[in-house]
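Okay, here's what each chain looks like letter by letter:
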Amino acid sequence: MVDVNSSLMSGLSGLILAGGEGRRMAGRDKGLISLAQKPLVEYAIECMAPLVDDLSISCNRNRELYQDYQLACISDELENYQGPMAGLAAGLRHAKHDWLLVMPCDTPLMTSHVMAQLLDCLKTEKTRNSLQAILFSHQGLQPLHGLYHKSMLPIFEQCLAENKNALQRLLRSMDSIHIHQALDAELSFNNANDPEELHTIECLLADNEHNV
Ligand SMILES: Nc1nc2c(ncn2[C@@H]2O[C@H](COP(=O)(O)OP(=O)(O)OP(=O)(O)O)[C@@H](O)[C@H]2O)c(=O)[nH]1
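Computed from a predicted structure; not experimentally measured.

Participant: How would you explain the UniProt feature "binding site: Mg(2+)" (unreviewed entry) in the chain if you had to name every residue and give the values?
Facilitator: In the numbering used here, UniProt assigns the "binding site: Mg(2+)" (unreviewed entry) feature to Asp 106. With respect to the helices and strands, Asp 106 occurs in the loop between strand 6 (99-104) and helix 5 (112-121). Residue classification places Asp 106 among the buried residues on the basis of a relative accessible area of 8%. Non-local contacts of Asp 106, meaning those with residues more than four positions away in its chain, are made with Lys 30, Asn 190, Asn 191, Ala 192 and Asn 193.

Participant: Account for helix 2 (residues 40-48), naming residues and giving values.
Facilitator: The element helix 2 is largely enclosed, with a buried count of 7 among its 9 residues. Regarding helix 2, the residues found buried are Leu 40, Val 41, Tyr 43, Ala 44, Ile 45, Cys 47 and Met 48.

Participant: Talk me through helix 4 (residues 84-94); I want residue IDs and the actual numbers.
Facilitator: With respect to burial, helix 4 is a largely interior element, 8 of its 11 residues being buried. Regarding helix 4, the residues found buried are Met 85, Ala 86, Gly 87, Leu 88, Ala 89, Ala 90, Gly 91 and Leu 92.

Participant: I'd like a description of the UniProt feature "binding site: GTP" (unreviewed entry) in the chain, backed by residues and values.
Facilitator: In the numbering used here, UniProt assigns the feature "binding site: GTP" (unreviewed entry) to Leu 17, Ala 18, Gly 19, Lys 30, Asp 76 and Asp 106. Tracing the backbone through its elements, the reader meets Lys 30 in the loop between strand 1 (13-17) and strand 2 (34-35). For Lys 30, a relative accessible area of 15% gives the class buried. Not counting the four nearest positions on each side in its chain, Lys 30 is found in contact with Met 25, Leu 40, Cys 105, Asp 106, Ala 192 and Asn 193. Side chain to side chain, Asp 106 and Lys 30 meet in a polar contact 2.8 Å long.

Definitions and limits used
- Residues numbered from 1 in each chain as written.
- Predicted model: local features only at pLDDT ≥ 70, side-chain atom pairs only at ≥ 80, totals over all residues.
- Heavy atoms only, no water.
- UniProt positions renumbered as here; feature names shortened; annotations may be inferred.
- Helix = DSSP H or I, 4+ residues; strand = E, 2+ residues; numbered from the N terminus.
- Buried < 20%, exposed > 50% of the residue type's maximum accessible area, 1.4 Å probe, protein only.
- Contact = heavy atoms within 4.5 Å.
- Polar contact = N/O pair within 3.5 Å; in protein donor to acceptor, adjacent residues only side chain to side chain.

Shown next, in the form of structure tokens:
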């Protein structure tokens, strides 16, 4: 298990992606959907807050509700929904620091301990200077849980301008990406795309609490 405190670094920005259309959730704003009486975005805030010193929410609707969390709310500044790459670009544009730690709002079982593994990969000067992104692999590449460097911003902007917003395809074509095999992360990447998956996660959460 990674020690979160030893992984803390000064000068890290954070972003929670909550700006999607939620079509598989009947168009509902996923970050605000309740799981065990708590909106999904709150799970992500609790996971990220111990790790970063400048946390923002990427949201395109219900700004007034997200503002209750006293965090900066960043919209994509693009017409229509162009996918998570648009949220990442806006997040990097507004980030105070060179590195941005990112997670989506729909993985409430993700923990600070697992996310901190990415910070450990940043510890050596050599790694820090040569990389543009550090991402998890867990049953495949997980581009929405990662560390992105500011130098990715022009790349994202160009892709978006050319309507090439497939994140996986872009990242797989780059060699300045480090991929870290996630440890102790059996359930952490389970995401709630639709009501059925949300129910499954609710049961897992109840089991977890029961076993503590
Ligand atoms: N800022 C921003 N975030 C997005 C956008 N699309 C998806 N996301 C976020 O990326 C994560 C994964 O989103 P998906 O489940 O693939 O897409 P979604 O729009 O939320 O849901 P569907 O419409 O059902 O695909 C979630 O945290 C979303 O909030 C977007 O256009 N802008």
